[in-house]
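One letter stands for each residue in the lines below.
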Amino acid sequence: MTQHTDLPSDLLPATVREFFAAHVVNDADTASSFLAEDVVLVDQGETFRGREKAHAFLRDAGSEFEYTTEQLGARRVDDAHWVVTVRLEGSFPGGVAELDYRFALRDDLIAGLVIANHAA
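Residues numbered from 1 in each chain as written. Predicted model: local features only at pLDDT ≥ 70, side-chain atom pairs only at ≥ 80, totals over all residues. Heavy atoms only, no water.

Caption draft 1: Seen up close, the sheet that holds strand β2 (residues 46-49). One open sheet holds the six strands; their spatial order is β2-β1-β6-β5-β4-β3, and the pairing between them is mixed. Pairing within the sheet leaves two strands with one partner each, and these edge strands are β2 and β3 (67-78). The sheet shows a mean angle of 15 degrees between the axes of neighbouring strands, direction not considered. Across nine bridges, strand β4 (residues 81-90) lies against strand β5 (residues 96-106) in antiparallel orientation. Bridged to Val 84 within β5 is Tyr 101. Seen against the sheet, helix α1 (residues 14-24) touches β1 (35-43), β3, β4, β5 and β6 (109-117) and runs at an angle of roughly 140 degrees to β5. (Pairing = 2+ DSSP bridges. Helix = DSSP H or I, 4+ residues; strand = E, 2+ residues; numbered from the N terminus. Axes fitted to C-alpha atoms, helices over the stretch in contact; angles between N-to-C directions. Contact = heavy atoms within 4.5 Å.)

Caption draft 2: Spotlight on the side chain of Asp 100. Structurally, Asp 100 can be placed in strand β5. Note on Asp 100: relative accessible area 6%, which makes it buried. One polar contact links Asp 100 to His 118, side chain to side chain, over a distance of 2.7 Å. If we ignore the near neighbours within four places in the chain, the residues touching Asp 100 are Val 83, Val 84, Thr 85, Val 114, Ile 115, Ala 116, Asn 117, His 118 and Ala 119. (Buried < 20%, exposed > 50% of the residue type's maximum accessible area, 1.4 Å probe, protein only. Polar contact = N/O pair within 3.5 Å; in protein donor to acceptor, adjacent residues only side chain to side chain.)

Caption draft 3: Layout of helix α3 (residues 51-60). If you check which residues of α3 are buried, you get Ala 54, His 55, Phe 57 and Leu 58. The arc enclosing the buried residues of α3, seen along the axis, measures out at 160 degrees, which places them on a common side. Opposite the buried face of α3, by more than 90 degrees, sit the exposed residues Glu 52 and Lys 53. Backbone geometry just after α3 places Gly 62 at a positive phi near 75 degrees. (Arc of directions from axis to C-beta.)

Caption draft 4: Expanded view of the nonpolar core. By size, the foremost hydrophobic cluster in this structure holds 29 residues, and its most contacted members are Phe 19, Phe 103 and Ile 110. Looking at this core, the elements that each hand over two or more residues are α1, α2 (28-32), β1, α3, β4, β5 and β6. Of the residues forming this core, the biggest block, five residues, is contributed by β5. Setting aside residues no more than four positions away along its own chain, Phe 19 makes contact with Ala 31, Phe 34, Leu 35, Leu 58, Phe 103, Ile 110 and Leu 113. (Core = buried A, V, L, I, M, F, W, Y, C linked by side-chain atoms within 4.5 Å.)

Caption draft 5: Structural view of the packing of aromatic side chains. Counted under the stated rule, the structure contains seven aromatic pairs. An angle of 80 degrees between the planes, with centres 5.7 Å apart, marks the rings of Phe 19 and Phe 103 as edge-to-face. Placement of Phe 19 in helix α1 and of Phe 103 in strand β5 is noted, with a sequence separation of 84 residues between them. We classify Phe 19 as buried; its relative accessible area is 0%. (Phe/Tyr/Trp six-rings, centres within 6.5 Å; stacked < 30°, edge-to-face > 60°.)

Here it is, written out as structure tokens:
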């Protein structure tokens, strides 16, 4: 079972909130504008280095499926590290996934993002 946190979305850093707002509606151009030029994005073990490759990932990831995204929780690790847990439901294999988006921020940009299965 997923443990929800009490941190409301409006207490997340603006960079994280605005990235998610764009990412949820598949606006890769806007989402990518919150990435550092040298961002390292890891999704399920696959690594994308640099804004251009991360943008291509954000544009194409999951595009063959229809799904909804619901934020389940968020927490602050420290000033530069934040975790947002989401539930995806849709037409992809398995139909439901809970993922952690682990953000590392630098100079109000996302320097690192790890997307991995949520550890219950």
